[in-house]
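# Secondary and tertiary structure notes
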Amino acid sequence: MSFKVYQINPELKDVMPQEIIDLEEKSTLNNPKRGVMDLPFYKELIEEHSLCAGCPEAAALRYIMASLPNPEDTIIVNSTGCTSLVFPHIAMHTVHSLFGNQNAVASGIKRVLEYRYPDRVKDVVVLAGDGATVDIGLDCTLQSFFRQEKITTICFDNEVYANTGGQESGMTPKGHVFKMAPKGKQFEKVPMWQLAIDSGCKYVARLTVSSPKRVESVIKKAVYVARYLGPTYVHLYTPCILEIGLNSDQGLEEMRARDKERFEFFEYITPEAQEVIDRVKAEGLL
Amino acid sequence: MSNLTTSEVKVNKSGQRIVSPDYLLFEAPREKFFMTGSEAVKEAVKRASVDASVSYPITPQSEAAHLIGELWVEGYVGVYFRGESEFGVMSEVAGCAMAGARTITTTSGPGTLRAFENFPMWAGTRIPVQLVLMARGVNSPLSIQPDNLEVGFLLDTGCMIWYAENAQDLFDMILAGFVVAEKPAVHVPVITVVDGFFVSHTREAIMIPPDDIALPPYDPTKAPMPVIDLEVPPGRFLRDPFVMKSNYISYATHASWQFEVRAAIERSRPYAKHYLRGLIEEFGNPEAEIVFVAAGTAASQAKEAVRLLKDEEGIEAKVVKLKTLRPFPYEELRASVKNAKYIFVPEFNVVGWMEREITKWLYGYSNATIIGAPRVAGGMTMPAEVIVKEVLNYVKES
Ligand SMILES: Cc1ncc(C[n+]2csc(CCOP(=O)(O)OP(=O)(O)O)c2C)c(N)n1
Ligand code: SF4
Ligand SMILES: [Mg+2]
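About the criteria used
Residue positions within a chain follow its written sequence, with the count starting from 1. Think of it this way: whatever chain is written first is A, whatever ligand is written first is 1, and the rest follow in order. Where local features are concerned, this predicted model is filtered to residues with pLDDT of at least 70; where side-chain atom pairs are given and counted, the filter is 80 or more; whole-chain, interface and lining totals use all residues. Just so you know, side-chain values use all the structure's heavy atoms and leave hydrogens and water out. Each helix is a run of DSSP H or I of at least 4 residues and each strand a run of E of at least 2, with the numbering of both proceeding from the N terminus. The quantity called the radius of gyration is restricted to C-alpha atoms. Its globule counterpart is 2.2 Å times the number of residues to the power 0.38. Two residues qualify as a contact provided that any one of their heavy atoms is within 4.5 Å of a heavy atom in the partner residue. All accessible areas in this document rest on Shrake-Rupley with a 1.4 Å probe, and a residue is counted as covered only by the protein chains that are shown. Every axis corresponds to a line fitted to the C-alpha atoms, with the helix fit spanning only the stretch in contact, and the corresponding angles, defined between N-to-C directions, vary from 0 to 180 degrees. Our angle categories are set so that under 35 degrees counts as roughly parallel, over 145 as roughly antiparallel, 65 to 115 as roughly perpendicular, and the remainder as oblique. For a crossing to be left-handed, the near helix must be turned anticlockwise from the far one by less than a right angle; the clockwise case is right-handed. Just so you know the grouping, Ala, Val, Leu, Ile, Met, Phe, Trp, Tyr, Cys and Pro go in nonpolar, Asp, Glu, Lys and Arg go in charged, and all remaining residues, Gly too, go in polar. Throughout, exposure labels follow a simple rule: accessible area from a 1.4 Å probe, protein chains only, divided by the maximum for the residue type, with under 20% read as buried, over 50% as exposed, and the rest as partly exposed. Pairing between two strands requires that DSSP report at least two bridges joining them. Handedness is read with the strands pointing away from the viewer; a crossover is right-handed when the path from the first strand over the helix to the second is clockwise. Here the term donor refers to an N, O or S atom within 2.8 Å of the metal (or 3.2 Å for Na, K and Ca), and because water is left out of the atoms, sites may appear incomplete. Throughout, the term near means that a residue has one or more heavy atoms lying within 4 Å of the molecule or strand in question. As used in this structure description, the phrase polar contact means that two N or O atoms lie within 3.5 Å; if the pair is within protein, one of them must be able to donate a hydrogen and the other to accept it, and residues adjacent in sequence are counted only when both atoms belong to side chains. Throughout, buried area stands for the accessible area (probe radius 1.4 Å) lost by two parts on being put together, summed over both. One side-chain nitrogen of Lys or Arg within 4 Å of one carboxyl oxygen of Asp or Glu is enough to make a salt bridge. Any pair of Phe, Tyr and Trp rings, taking the six-membered ring for Trp, is counted once the centres come within 6.5 Å. Such a pair is stacked with planes under 30 degrees apart, edge-to-face with planes over 60 apart, and tilted for the rest. Take the number of residues in a helix, subtract one, and multiply by 1.5 Å to get its expected span.

## Structural notes on the overall build of chain A
When helices and strands are tallied, chain A shows nine helices and seven strands. Relative to its length of 286 residues, chain A is compact, with a C-alpha radius of gyration of 18 Å against a globular reference of 19 Å. Referenced to the eigenvectors of the C-alpha coordinate spread, the extents of chain A come out at roughly 60 × 40 × 35 Å. The contacts of chain A with a sequence gap of at least 6 include a subset with a gap of at least 24, amounting to 68%. For chain A, the accessible surface area stands at approximately 11000 Å², while carbon and sulfur atoms represent 53% of it.

This is the structure we're talking about:
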C-alpha cells in the first residue's frame, strides 16, 4: 500500500544511486507472496552489511527482509548491538532509540498507527539481540506481551553480548566461559520461548537460521498472527562465530549441530493463531 | 486527526472547534474556576487535541495522569495506557511521537531519574513530546515531598525546560508548550515543571477558556525528521551508518547534531516570548537594588517577601521570575538586574542549581552580590518571613 513512497520522481531519476532505482524496479516490494526463494533474483532490501564476514546474523537478516509479507508497510524497531550496525543499510522504516527499550518504543508506534490509520495494515516488528531482549530489556519485552501489543518480537540469540566484546548474557548456556563469567556461567540459559508463552504470546517459535525456508515460514506466521491477534515471539540462534572461535564458513555447520539439541525447532501456536494461519494459507500467502 | 493538514480541519477528532493558538491563549473569553494544579493539567490537555499519553503512578503526579485517563475515556485523548515503569513510559511516548502523535506524559522525582536515558534520546530524535514534571525529592532517603533537585539534572538534556509558578501558569504553559515545541524550526521536547504538592495539590482560582474549542491538531508532516508512519520514504535509509563508525565524519556528525538540538532550543525564543508573554515576569519596584531571581513557587514566596519588605521594613525589592530555563532568558535577566546590588536566589533544593545558573549568566554583566539563599529542601516550605530574614541579615551585615 505504501509502495508509492519508494517510487522515484522521474525528474530525479538520473541523479539517484542505482541501488535506489533497483528498489523500485527490481525488488519484491509490493508483493506479499515474496520469500527467500527470490533472494538470488531480485533486489534485496539490505544494501551490503558491516557485520563480520560469515556472521549468521547477516544471513538471518537477509532471510527476514526477504520474508516480511509487506515490508513497505512494516516498521522495524531495533536495539543497540551488532544488528544495529546493519539497520542504516536497510531500505525500510527502522528505529533505533536506546538499548533495551525496543518493545516499549514499538508499543507506542503500533498504538498510534492503529489510532491514526485504523483501516490500514501497518506491521511493527522488533528485532534485537539476546542481551537487548532478555537481559536489559526483559521488562519491556515481557510487559509488551502482557499488554497484548500487536507486535512481532524477533530475538537474535548469539548467546553473548557480541557488540561489546563477548560478555556472558542470560542466554549463554550454563558453564560457558565468556568475559564477565571467567569461571563459566553459573546459571542456566533463560528459557525465553517459554517465558513468551507464559506471558501471552499467540505464536512462539525457536529455531536456528540453518533453513531459509523455515525462517520464511516462521516469520510470515509471526507477522500475520501479530497483525490480527496479538504478540508473537521468534527466537533465532544466530551464533557469534567471532566469540566462539569459528571461521567465517563455519556458521552453518554450527547451527546445524544446534538444530539437534538446544535449538531444536519448536513452535507454539494457540488455536486462534492457528485460525489466522489457516486463513492466510487459504489466501495463498503462506 | 493528525492525518489532515490544519487548514482542512474545522473540528478535531473529539468534535471540538479548532481555533488558533492565539485565540485559545489570548482572545477566547475565560471563566473563573477553583481547581488544583492536577485539574489544570486535565483542562489544558482537554483543549490541546492530544493524540496520546502514557502514564505511571508516582506521587505527586498520579492524579494528573489519572485525569488524562478520564479524558481518554471521554474521547479527548486518542491513546492512553499505563506503562511498566518510567523508563518504559518515556520510550512508549517516544514511539507515539515518532509515529506522529501529539504526546504528553507526567512524572516526578524518582520517576524522572528512572526515565533519564530517554530525555536526551527524545531531544536527539527531535520529537516534541511534552513532559509535565511535578517536582519532588529524590532518594535517598525516600521522600514524596516537594524539592526540585531533579530539574538541575535535566537542564542539559537537550529538552526545553519551562517552569510554571501556579495552576494558571501551568494551564497556559501546557497549551503554549505544544505550540512552541511543534514549530518546525524548534521541534524538540518541552518539560513543563511545577513544584509538586504546592501546585499539583493546591486549589486556586484560575481563568480558563471554554472546553468546546481546542488547539489545531499536530501536523507531523512538518517535522524536521521523517515521521515513522510509512507515509513518507524511509528516512533512515543511509548507505553508510556513519554515526556508528570510528572516523572523523562520524564524530563531526554526532557533535553537530548535538549543537543543532541546542540551536533548536535557541530558535524557540521568539515563539516562547510570544506565547508566554515574555520569558520573564517582573514584580515589585523595577528600580529596586534588592532583587530575587527565582522560578516556580520560590518566585511566589519571593513576591510575598517583596510585599513584607516594603510594608514592614520600608525596603524596596523586586522579583524576576524566570518562566523558561532552556532557553535561558539571559538578555531579559541582565536588563532586569541593572540596578541590583544584591541578588537573592531562593530555591527548593540543596545544591543551588539555580544560583549556579544565575551566576554563570550574569558573570561580567552585573556587579551585584549573588546570594544563594534561602535554600530549603526535602519538603520544607519557604515562608516569606524566612526570605525577609535572610535579606535583613545580609543587609545589616554589609
Ligand atoms: C544502557 C546501555 N548499557 C549498555 C550498553 C552497551 N552495549 C551496547 S551493545 C551491547 C551488547 C548487545 O548485546 P546483544 O543484545 O546480545 O546483541 P549482539 O551485539 O550480541 O548482537 C551492550 C552491552 C548500551 N549501549 N546502553
Ligand atoms: S561480533 Fe559476532 S555477532 Fe557480531 S558481527 Fe561479528 S560474528 Fe556477528
Ligand atoms: Mg547477543
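Further notes follow.
## Considerations on the packing of helix α3 (residues 102–116) of chain A against helix α4 (residues 86–98) of chain B
Between α3(A) and α4(B), the shortest axis-to-axis distance is 6 Å and the interhelical angle comes to 40 degrees. By the angle between their axes, α3(A) is oblique relative to α4(B). When the axes of α3(A) and α4(B) are compared, the crossing they make is right-handed. Contacts between α3(A) and α4(B) involve A104(A), V105(A), S107(A), G108(A), I109(A) and V112(A) from the first element and G88(B), S91(B), E92(B), G95(B), C96(B) and M98(B) from the second. Each residue belonging to the contact of α3(A) with α4(B) can be placed in one class, and the counts come to six nonpolar, five polar and one charged.

## What about the pairing of strand β3 (residues 52–55) of chain B?
Residue and element names in this part refer to chain B. Of the two faces of β3, the one lined by A52 and V54 and the one lined by S53 and S55 are each fully buried. Looking at chain direction, β3 and strand β4 (residues 79–82) are connected through four bridges and run parallel. Residue pairing in the sheet places V54 in a bridge with F81 of β4. Crossover connection from β3 via helix α3 (residues 62–73) to parallel β4: handedness right-handed. Alignment of β3 against strand β5 (residues 103–107), held across two bridges, turns out to be parallel. Each residue of the ladder has a partner; that of S53, found in β5, is I104.

## Examining the sheet that holds strand β7 (residues 160–163) of chain B
The pairing of strands in a sheet comes from backbone hydrogen bonds and takes either a parallel or an antiparallel form. Residue and element names in this part refer to chain B. The sheet built from seven strands is open, its strands ordered β4-β3-β5-β6-β8-β7-β14 with mixed pairing. Edge positions in the sheet fall to β4 and β14 (324–326), since each of these pairs with one other strand and no more. The average undirected angle you get between the axes of adjacent strands in this sheet is 20 degrees. Running over the sheet, α4 touches β3, β4, β5 and β6 (130–135) and is turned about 165 degrees from β5. Taken strand by strand, helix α8 (residues 167–181) contacts β5, β6, β7 and β8 (190–195), and its axis lies near 160 degrees from that of β7.

## Quick look at the environment of C55(A)
Residue and element names in this part refer to chain A. By the secondary structure assignment, C55 is in the loop between α1 (18–26) and α2 (56–67). With a relative accessible area of 13%, C55 lands in the buried category. C-alpha of C55 to C-alpha of V215: the two residues are 160 residues apart in sequence and 16 Å apart in space.

## Focus on the coordination of the magnesium ion (ligand 3)
Residues and elements named next belong to chain A. The magnesium ion (ligand 3) binds to the protein through D130 (OD), N158 (OD1) and V160 (O), with metal-donor distances spanning 2.0 to 2.1 Å. Each donor residue of the magnesium ion (ligand 3) lies on one chain, and together they are spaced D-x27-N-x1-V. With D130 in helix α4 (residues 130–135) and V160 in the loop between β4 (152–157) and α6 (192–198), this pair connects stretches of sequence that are 30 residues apart. V160 shares its class with D130; the two are buried.

## A short note on the site of ligand 1
Surveying the vicinity of ligand 1 reveals 17 residues, the closest of which are C82(A), D130(A), G131(A), A132(A) and A162(A). Of the chains in the model, those with residues near ligand 1 are chains A and B. Within the backbone of V160(A), an N or O atom sits 3.0 Å from an oxygen atom of ligand 1. When ligand 1 sits alone it has 580 Å² of accessible area, and the protein chains cover 77% of it. Tallying contributions element by element places α4(A) first for the shell around ligand 1, with three residues. Of the residues belonging to the shell around ligand 1, the class tally is seven nonpolar, seven polar and three charged.

## Observations regarding the interface of chain A and chain B
The partner chain B presents 42 residues to the 47 residues of chain A that form the contact. Summed over both partners, the interface of chain A with chain B comes to about 3800 Å²; 62% of that surface belongs to carbon and sulfur atoms. Interface area lost by chain A to chain B is led by H93(A), Y115(A) and R116(A), which between them contribute 20%. Seen at the junction of chain A and chain B, the total is six salt bridges. Between E231(B) and K122(A) there is a salt bridge, and its shortest N-O distance comes to 2.3 Å.

## Observations regarding the packing of aromatic side chains
One pass over the structure, following the stated rule, counts 13 aromatic pairs over all chains. Ring geometry for F145(A) against Y233(A): centres 5.9 Å apart, planes inclined by 65 degrees, an arrangement best described as edge-to-face. You can see F145(A) sitting in helix α5 (residues 138–146) and its partner Y233(A) sitting in strand β6 (residues 232–237), a full 88 residues away along the chain. Of the two residues examined, F145(A) and Y233(A), each falls in the buried class. Ring geometry for F292(B) against F344(B): centres 5.8 Å apart, planes inclined by 40 degrees, an arrangement best described as tilted. Residue F292(B) is found in strand β12 (residues 290–294), and its partner F344(B) is found in strand β15 (residues 342–344); the two are separated by 52 residues along the sequence. Grouping residues by exposure puts F292(B) and F344(B) together as buried.

## Side note on the sheet that holds strand β7 (residues 266–269) of chain A
All names here are of chain A. Spatially, the seven strands line up as an open sheet ordered β2-β1-β3-β4-β6-β5-β7, and their pairing is mixed. The open sheet has two edge strands with one neighbour each: β2 (93–96) and β7. In this sheet, neighbouring strand axes are inclined to one another by 15 degrees on average, regardless of whether the strands run parallel or antiparallel. Each of β1 (74–78), β2, β3 (123–129) and β4 is contacted by α3, which is oriented at about 175 degrees to β3, the strand it contacts most.

## Here we look at the site of ligand 2
Close to ligand 2 lie L51(A), C52(A), C55(A), C82(A), N158(A), A162(A), C240(A), I241(A) and L242(A), which account for all nearby residues. Here the residues of the shell around ligand 2 are counted per class, giving eight nonpolar, one polar and no charged.

## Let's talk about α4(B)
Residues and elements named next belong to chain B. Here α4 is 13 residues long and its end C-alpha atoms lie 18 Å apart, about the 18 Å a rise of 1.5 Å per residue gives. When you tally the buried positions in α4, you get 13 out of 13 residues, the bulk of the element. Where α4 starts, the residue carrying a side-chain oxygen 3.3 Å from the main-chain nitrogen of F87 turns out to be S85. G100 occupies a position one or two residues after α4 and carries a positive phi of about 100 degrees.

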